[in-house]
Amino acid sequence: MKIRLNRVNLESTTDISPETLKSIYTTMLRIRRFEEKVAELLAEPSEIICPVHLYIGQEAVAAGVCANLRNDDYVFSTHRSHGHYIAKGGDIKTLMAELYGKATGCSKGRGGSMHLASPDKGFPGSSAIVGGTVPLAVGAALASSIKGKDTVAVAFFGDGAVNEGVWYESLNFASLKKLPVIFVCENNLYSTHMPVSACLVNTYIYKKAEAFCMPGVRVDGNNVIEVYQAAKKAIEQARRGEGPTLIECMTYRWRGHVGPNDDLDKGLRSQEELEYWMDRCPVEALEEFLLKHKILSKAENIQIDKELNKEIETAVTFARQSPYPEENELLNNIFKDR
Ligand SMILES: Cc1ncc(C[n+]2csc(CCOP(=O)(O)OP(=O)(O)O)c2C)c(N)n1
Ligand SMILES: [Mg+2]
């Protein structure tokens, strides 16, 4: 058996209830199993053909943050959006159908992997425009504030979004108006194939919060308890009208920028680096913690996995059997009145 030296240590004492921890674990495993299946299907010639950015390795961020949200809170996401959609309660069947470009997909087969939506679950949409959904989250928070509601909005974005001008405008405006928005940066060390250090003069992204007079924290993004606790604090503050927070989650994507492969052949990241982060698997870390503390039994664990695999197989069958949008519907859902 391989000796793992870099494991994530979840041994900090936690007041998170056993039910919540189990639910977070199930969400993380649902994301992992869903994406493993998608990676498998991407390797087939006539299954999923739209570009897919896999989230494997980053599951603790989506699950840890969204476990603190209500159905009526908003989540805005990016091109790497399956994890956020699933963690916010989005339906797996319509997600899979969307990846197949089918009419039953969550965006009617028009969006593909990078343009998911589940408005009923507080997931208005994801977008491929890097940084593009950050101001949308601020807008949702502004609406919430004007209407006197206590809903919050979360903007998930990558380290690459921090190079967009709109990111700075968004943080400034949100802090100026004390809006209920949480900025969650998933710093996975790369933007396509460019390391963070090649494009940011200061790679401590959370420190940029200080310039906007808002709290900024950096957490181990593979330690779901740390992510959960930082998000809980930020969300509670935002709900109380105390304004936004920037949370930087240090994490890593196991697969390449796009597609199912690992991109090691591109010579931009090393096998050692990938292995270091695979040792720090966020799903295994939580699984071990739950088993060790008898929050989860081995039998329950096997059962959860079995049910998830069944759910995902059902989604694949649903997607395969669903029709494509009709040709004469091509211009529907584009203009307001059609
Ligand atoms: C405005 C804009 N510029 C460039 C691109 C091309 N592009 C797509 S994904 C990506 C990298 C994004 O990196 P990051 O924000 O760190 O997210 P990650 O892929 O690491 O999750 C780029 C540059 C784009 N989609 N939109
Ligand atoms: Mg990145």
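What counts and how
Residues numbered from 1 in each chain as written. Chains lettered and ligands numbered in written order. Predicted model: local features only at pLDDT ≥ 70, side-chain atom pairs only at ≥ 80, totals over all residues. Heavy atoms only, no water. Salt bridge = Lys/Arg side-chain N within 4 Å of Asp/Glu carboxyl O. Helix = DSSP H or I, 4+ residues; strand = E, 2+ residues; numbered from the N terminus. Contact = heavy atoms within 4.5 Å. Disulfide = S-S within 2.5 Å. Buried < 20%, exposed > 50% of the residue type's maximum accessible area, 1.4 Å probe, protein only. Donors = N, O, S within 2.8 Å, 3.2 Å for Na, K, Ca; no water. Near = heavy atom within 4 Å. Polar contact = N/O pair within 3.5 Å; in protein donor to acceptor, adjacent residues only side chain to side chain. Areas by Shrake-Rupley, 256 points an atom, 1.4 Å probe, with all protein chains shown as cover. Nonpolar A, V, L, I, M, F, W, Y, C, P; charged D, E, K, R; others polar. Axes fitted to C-alpha atoms, helices over the stretch in contact; angles between N-to-C directions. Parallel < 35°, antiparallel > 145°, perpendicular 65-115°, else oblique. Left-handed = near helix turned anticlockwise from the far one by under 90°.

Colleague: Sorry if this is basic, but what is going on with the pattern of salt bridges here?
Modeller: Summed over the entire model, instances satisfying the criterion amount to 16 salt bridges. We note a salt bridge from K266 to D263, for which the minimum N-O separation is 3.2 Å. Among the ionic contacts, a cluster of salt bridges with common partners joins R33, E36 and D305.

Colleague: Whenever I open this one, the environment of E164 confuses me. Can you help?
Modeller: Looking at the element boundaries, E164 is found in the loop between β3 (153–158) and α6 (165–176). With residues up to four places along the chain from it excluded, the contact list for E164 reads V130 and G131.

Colleague: Honestly, the state of the cysteines in this entry has me stumped. Any pointers?
Modeller: Simply put, the disulfide is a covalent bond whose two ends are the sulfur atoms of two cysteines. One pass over the full model with this rule turns up zero disulfides. Note on C213: no disulfide assigned, nearest cysteine sulfur contributed by C185 at a separation of 20 Å. For C213, a relative accessible area of 67% puts it in the exposed group.

Colleague: Help me understand the coordination of the magnesium ion (ligand 2), please; the structure alone is not making it clear to me.
Modeller: For a metal bound by four donors in tetrahedral geometry, the ideal donor-metal-donor angle is 109.5 degrees, whereas six donors in octahedral geometry ideally sit at 90 or 180 degrees. Coordination of the magnesium ion (ligand 2) by the protein is provided by D159 (OD), N188 (OD1) and Y190 (O), with metal-donor distances spanning 2.1 to 2.2 Å. Mapped onto the polypeptide sequence, the residues donating to the magnesium ion (ligand 2) form the spacing pattern D-x28-N-x1-Y. You can see D159 sitting in the loop between β3 and α6 and its partner Y190 sitting in strand β5 (residues 190–191), a full 31 residues away along the chain. Y190 carries the same exposure label as D159, and that label is buried.

Colleague: Can you walk me through the site of ligand 1 in this structure?
Modeller: With respect to spatial proximity, 15 residues lie near ligand 1, and among them H79, R80, A128, G160 and N188 are the closest. Contact between ligand 1 and Y190: an oxygen atom at 2.9 Å from a main-chain N or O atom of the residue. Look at ligand 1: alone it shows 580 Å² of surface, and the protein chains cover 71% of it. Of the residues contributing to the shell around ligand 1, the split by class is five nonpolar, seven polar and three charged.

Colleague: Looking at this structure, how should I read the packing of helix α1 (residues 18–42) against helix α2 (residues 59–66)?
Modeller: Each pair of packed helices can be summarised by the angle the axes make with each other and by the distance between the axes. One can describe the packing of α1 onto α2 by two numbers: an axis separation of 9 Å at closest approach and a directional angle of 140°. With respect to their mutual orientation, α1 and α2 come out oblique. The handedness of the crossing between α1 and α2 is right-handed. The residues of α2 that touch α1, namely those facing I24, T27, M28, I31 and R32, are E59, A60, A62 and A63.

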